[in-house]
Every structure is written in structure tokens, then in C-alpha cells.
Amino acid sequence: MCADWIGCSRLFPLYNNCTILQQASNMTSRVAVVTGSNKGIGLAIVKELCRQFQGVVYITARDVGRGRNAVESLASEGLTAMFHQLDINDGKSITTAAAYFKEKYGGVDVLVNNAAIAFKVADTTPFPVQAEETLKTNFFATRDMLTQFLPLIKAGGRVVNVSSFVGVRTLNQCSPALQERFRSEDITEEELVGLMQCFVDEAKRGEHKQGGWPETAYGVSKMGLTTLSMILARRLSKERPSDAILLNACCPGWVRTDMAGPKAPKSPEEGAVTPVYLALLPPGATEPHGKFVSDKEVQTW
């Protein structure tokens, strides 16, 4: 077998055969990747995937130490997860991670884009800075993840973008012209990116309210992410119709996390319910796809 030491003349053929077998095994393994998952909702999603997903589950985080600590904490509960460093605000980090999953597993079966930031209500950071920083992570960096990882999603794959009901409320507070574009089925990714950048630029000039935007950077970022999810779902249906990939956005609810605070009514485990539901939609399912989902139900956009 692989560990047998049979002599120098036969060592390398054996090693090569075993390496090929190992690579083949990796390529056929199913794999789930959750961004920003060393704590909070992300870690709760990983926990449940470890229990239900038939494959390998990866925690990803910016900080290697925190990521590995999360893996160890799960191991203490009898759950097995892997770790890969990933900072969605670093293009090189995304590229490195994408190459890793492509080489090791031939792609990704489940991708949950959970990483996000939010400024506290009482934060005194100037709104233009909040707008730029929030959209940089929650929209633009998540879009970079999707740009590089969507081509890696295997047939039958599931993509879940963790958004928020705040995005829906924000959309309803936008000008009628903006509402029409964000709800349009012919809005393109390029148009959406332009609108998101327009919000940031107008916020920097203090003109976002005149432009029809409400005073919430987090809400605009999640409104953009939900709209992007719908655009990309339509693209998958058009360009890869036989692959049966389902892509959705969802709201986990108001959850007790470092970001949302201790007064939220839901536990991280309760917040994980809908993202995990969408990540594990059964083979052959055709819906939901390109929807915004909360409490496992499709919501009006």
C-alpha cells in the first residue's frame, strides 16, 4: 500500500499511483465553503453543515489563528471542519482560495457568502467613510468572490448570499426611479455596480439624499447584494441551464452577534436556519432561485 517501502526502484511508481488516487478522491469529494465563518452566524452555519452536508466543510476567515481556533472549538463538539485563510477584501486572497478549491476538489458544491461588516448606530465615523467601507466589503468584495467562485460551482451546486431585510426596507425608502431600476428584471451587473459606486460618490459629496438614497450604508449594501443575487441567478439560468445551480439571497434575521448586539431575539443557530436550508436544497430542486428568502419563505422584493 501507500506506506509500504518496497525498494527504491518501485518507490516512485507507488508514490505516483497513490498521489493520483488521492487527487481523484479529492476531486470527487463534495465541498462547502462559508466566508467570515470563525464566529457568529457564519460559524453556526458551518456547525449545521458539518452535521448535515455530505462532504467537507470549510471555515474561512481573515485571521489564521481565529480560524484554526474555530476548527478546534468544533472538534471539541465532535464536529470536523477544515480551514482556509480568506480575506474577501483582498483580491489576491480570493484568487489564492479559488485556485486551492479548484485544484483540490475540482470546484465548490456549496458557497455561502456570509462575511460582512456594519457600523454601530452610535458610531461617530462620518457617513461618507461608513458608505465607502461598508460597500467595499458587503457589496464590492462579495461581488469579487462571486466573480471568481461562480465559475467553480459544480453542477447541482448551491450559492447563498447572506443579505438582510434592511435591504428591503432601504429599497422602499429609495426614490421611485431607483426602486424601478433595482426591481427591474433587465438591470445588468454593470448598471448595478455603477449605481453602487454612485451612492458612494454622492455620499462623499453629501449629495446622496438628493440622489434618492436613504441614510443607511448597510441597507444600501444589502440592497445591492440582493439585486446582484437576482442578476447572477438569471445569468446562471441562461448560461448554464443544465447545471441546475440554485443561487439565492437570504435574511438570517436579527441575530445576537458582535455585529448586531446582545439584544437581538435570535441565537446564531436560529440565524443559520435559512442559509443552511438554501445551501442544502435537495438534488432536482428548481426553486427558489434568484429569490430573497427569510424564514425559509420567498419574500417580496
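Reading the values: rules and limits
Every residue gets a number counted from 1 within its own chain, in the order that chain's sequence is written. Selection of residues for local features in this predicted model requires a pLDDT of at least 70, selection of side-chain atom pairs for listing and counting requires 80 or more, and totals for whole chains, interfaces and linings are taken over all residues. Values reported for side chains reflect all heavy atoms of the structure, with hydrogen atoms and water molecules removed beforehand. Working definition: helices are DSSP H or I runs of at least four residues, strands are E runs of at least two. Numbering for both runs from the N terminus. Any two residues whose heavy atoms approach within 4.5 Å at even a single point are treated as in contact. The Shrake-Rupley method, run with a 1.4 Å probe sphere, supplies the accessible areas, and residue values consider only the shown protein chains as cover. What a helix is expected to span follows from its residue count: subtract one and scale by 1.5 Å. Relative accessibility thresholds used throughout: buried, under 20% of the residue-type maximum; exposed, over 50%; partly exposed, between the two (1.4 Å probe, protein chains only). Think of the arc as the fan of directions from the helix axis to the C-beta atoms. Two strands are counted as paired when DSSP detects at least two bridges linking them. Call a crossover right-handed when, viewed with both strands pointing away from you, the route from the first strand across the helix to the second goes clockwise. Helix axes use the C-alpha atoms of the stretch in contact, all axes being lines fitted to C-alpha atoms, and the angles between their N-to-C directions lie in the range 0 to 180 degrees. In predicted models, pLDDT denotes the confidence assigned by the predictor to each residue on a 0 to 100 scale. An angle counts as roughly parallel when it lies under 35 degrees, as roughly antiparallel when it exceeds 145, as roughly perpendicular when it falls between 65 and 115, and as oblique in every other case. Should the near helix be turned counterclockwise from the far one by less than a right angle, the crossing is left-handed, whereas a clockwise turn marks it as right-handed. Two aromatic rings, drawn from Phe, Tyr or Trp (for Trp, its six-membered ring), form a pair once their centres lie within 6.5 Å of each other, and the interplanar angle then sorts them: stacked below 30 degrees, edge-to-face above 60, tilted otherwise. Only buried Ala, Val, Leu, Ile, Met, Phe, Trp, Tyr and Cys residues count toward a nonpolar core, and they belong to the same one when joined by side-chain atoms within 4.5 Å.

Colleague: Can you explain the overall build of the protein chain? Please cite residues and give values.
Modeller: The helix and strand inventory of the protein chain stands at 11 helices and 8 strands. By sequence separation, contacts in the protein chain at least 24 residues apart represent 71% of the contacts at least 6 residues apart. Summing over all exposed atoms, the protein chain offers an accessible surface of approximately 14600 Å²; the carbon and sulfur share of this is 54%.

Colleague: Please set out helix 4 (residues 91–105) residue by residue, giving values where relevant.
Modeller: Under the 1.5 Å per step criterion, the end-to-end length of helix 4 is 21 Å for 15 residues, consistent within 8% with the ideal 21 Å. Within helix 4 the residues assigned to the buried category are S93, I94, A97, A98, F101 and Y105. The arc that holds the buried residues of helix 4, viewed along the axis, is 130 degrees, so those residues lie on one side. Pointing more than 90 degrees away from the buried face of helix 4 are the exposed residues K92, K102 and E103. Directly after helix 4, the chain includes G106, whose backbone phi takes a positive value near 75 degrees.

Colleague: Which residues make up the pairing of strand 3 (residues 82–85), and what are the values?
Modeller: Relative to strand 3, strand 2 (residues 56–61) runs parallel, the two being bridged by 4 bridges. Residue pairing in the sheet places Y58 in a bridge with M82 of strand 3. Remark: the strand 2/helix 3 (residues 64–75)/strand 3 crossover connection has right-handed handedness.

Colleague: For the environment of D201, give the residues involved together with the corresponding values.
Modeller: Its place among the elements puts D201 in helix 8 (residues 189–204). Overall, the relative accessible area of 30% leaves D201 in the partly exposed class. With 69 residues separating them along the chain, D201 and E132 place their C-alpha atoms 8.4 Å apart.

Colleague: So what's going on with the sheet that holds strand 1 (residues 31–34)? Which residues, and what values?
Modeller: The mixed open sheet is built from 8 strands, whose spatial order is 3-2-1-4-5-6-7-8. The outermost strands of the open sheet, each flanked by one partner alone, are strand 3 and strand 8 (297–298). Bridge analysis of strand 1 against strand 4 (residues 108–113) gives 3 bridges, and the strand direction is parallel. Of the residues in strand 4, the one forming a bridge with V34 is V112. Helix 3 rests against strand 2 and strand 3 of the sheet, and its axis sits at about 170 degrees to strand 3.

Colleague: Help me get a handle on the confidence of the model for the protein chain, residues and values and all.
Modeller: Detailed reading of the predicted model is not advised wherever pLDDT is low. Model confidence for the protein chain is summarised by a mean pLDDT of 90, while 86% of its residues fall at 70 or above. Low pLDDT (under 50) marks residues 1–15, which in the prediction has 4 contacts with non-local residues, meaning those over four places away or in another chain.

Colleague: How would you sum up the packing of helix 4 against helix 5 (residues 127–149)? Please name residues and give values.
Modeller: Relative orientation of the contacting elements helix 4 and helix 5 amounts to 30 degrees, with a least axis distance of 10 Å. Judged on the interaxial angle alone, helix 5 and helix 4 are roughly parallel. As for the relative orientation of helix 4 and helix 5, their crossing is right-handed in sense. Counting all contacts with helix 4, which are made through G91, I94, T95, A97, A98 and F101, the residues of helix 5 involved are A141, D144, M145, Q148 and F149.

Colleague: Please give an account of the packing of aromatic side chains that cites residues and values.
Modeller: What the rule picks out here adds up to 12 aromatic pairs. Taken together, a centroid distance of 5.0 Å and an interplanar angle of 85 degrees make the contact between F139 and F140 edge-to-face. An aromatic cluster is present here, built from Y58, Y100, F101, Y105 and F149 joined pairwise through their rings.

Colleague: Now, about unusual backbone geometry: what can you tell me, with residues and values included?
Modeller: That bond from E287 to P288 is cis: its omega, -5 degrees, falls within 30 degrees of zero. One non-glycine residue, K296, adopts positive backbone phi at about 65 degrees. Here K296 lies in the loop between strand 7 (292–294) and strand 8. We classify K296 as partly exposed; its relative accessible area is 42%.

Colleague: Can you explain the nonpolar core? Please cite residues and give values.
Modeller: Within the largest apolar cluster, 55 residues are counted, with the highest numbers of intra-cluster contacts made by F101, F149, F182, M196, F199 and W213. Excluding anything up to four places from it in sequence, W213 contacts C174, L178, F182, L195, M196, F199, E202, H208, V220 and M223. V110, V112, L278 and A285 belong to the second-largest nonpolar core, a separate cluster that totals 32 residues.

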